[in-house]
Amino acid sequence: TMSLSRRARKQLIAAVVLVALVVVVGVGGNALRLARKASSAAEGLRLGTEAFENGDYERTLTQLGRYLSSNQNDADALYMHAKARLEVPQDGGGHYTTALSWARRASDLDPDSIAKRLLVLEVLARSQSGSLQDYLAAIDNVLSIDPNRTDLRLLKADILRASDRPDDALRELRSIVARDP
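If you're wondering where the values come from, they're calculated on a predicted model, not measured in any experiment.

**Q** Any details on the environment of Tyr96? Residues and values, ideally.
**A** With respect to the secondary-structure elements, Tyr96 resides in helix H4 (residues 94-109). Residue classification places Tyr96 among the partly exposed positions, given a relative accessible area of 24%. Along the backbone, Tyr96 and Ala157 are 61 residues apart, and their C-alpha atoms lie at a distance of 25 Å. Sequence-distant contacts of Tyr96, that is, excluding residues within four places in its chain, are made with Leu86, Val123, Arg126 and Ser127.

**Q** Any details on the packing of aromatic side chains? Residues and values, ideally.
**A** Throughout the structure, instances matching the rule amount to 1 aromatic pair. With a centroid separation of 6.0 Å and 65° between ring planes, the pair formed by Phe52 and Tyr57 is classed as edge-to-face. Residue class for Phe52 comes out buried when judged on its relative accessible area of 19%. A cation over a ring is seen here: Lys116 above Tyr79, with NZ or CZ 5.5 Å from the ring centre.

**Q** Tell me what's going on with unusual backbone geometry, and back it up with residues and numbers.
**A** Even without glycine at this site, Asp164 takes up a positive phi of about 60°. Relative to the helices and strands, Asp164 resides in the loop between helix H7 (150-162) and helix H8 (166-179).

Here is what the cut-offs are and how they apply
Residues numbered from 1 in each chain as written. Predicted model: local features only at pLDDT ≥ 70, side-chain atom pairs only at ≥ 80, totals over all residues. Heavy atoms only, no water. Helix = DSSP H or I, 4+ residues; strand = E, 2+ residues; numbered from the N terminus. Buried < 20%, exposed > 50% of the residue type's maximum accessible area, 1.4 Å probe, protein only. Contact = heavy atoms within 4.5 Å. Phe/Tyr/Trp six-rings, centres within 6.5 Å; stacked < 30°, edge-to-face > 60°. Lys NZ or Arg CZ within 6 Å of the ring centre and 35° of its normal.

See the structure below:
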């Protein structure tokens, strides 16, 4: 076996210590960066929620945007962001497309929420850009968890009538009477 001179061993130990130090500093710096990002996101959620509750939708978009950049599976934050986006117009109506996308995502993440399902329908109605099939699908989505919504059943019957489906419209009207004689 070959033995290292005393000087070579010292240089090797110094090199190993230096590499270890670089690794520790890098890991520590990354951990600090991640902690700051998490803190900023939490602050964005807090401030965004507060802004939403106060009707400050532009601030809601900014603050919740910070939070959602790293927390895209928070259905409540997506819902608030979609509602706020709906209230802050963009040129060319792009706010409707964005609001619809976030509303659908929020509804998918929280399928038991009637409010989130209704938001999809609200965005479609306000944008006036959905097809009649989009409206019917959104209405059926709400009715699947709240079948006694007479207002939505009447709207569905109107859409079916407008779609030249009078038999389906009549069937829907009869279902209203059957539910509430």
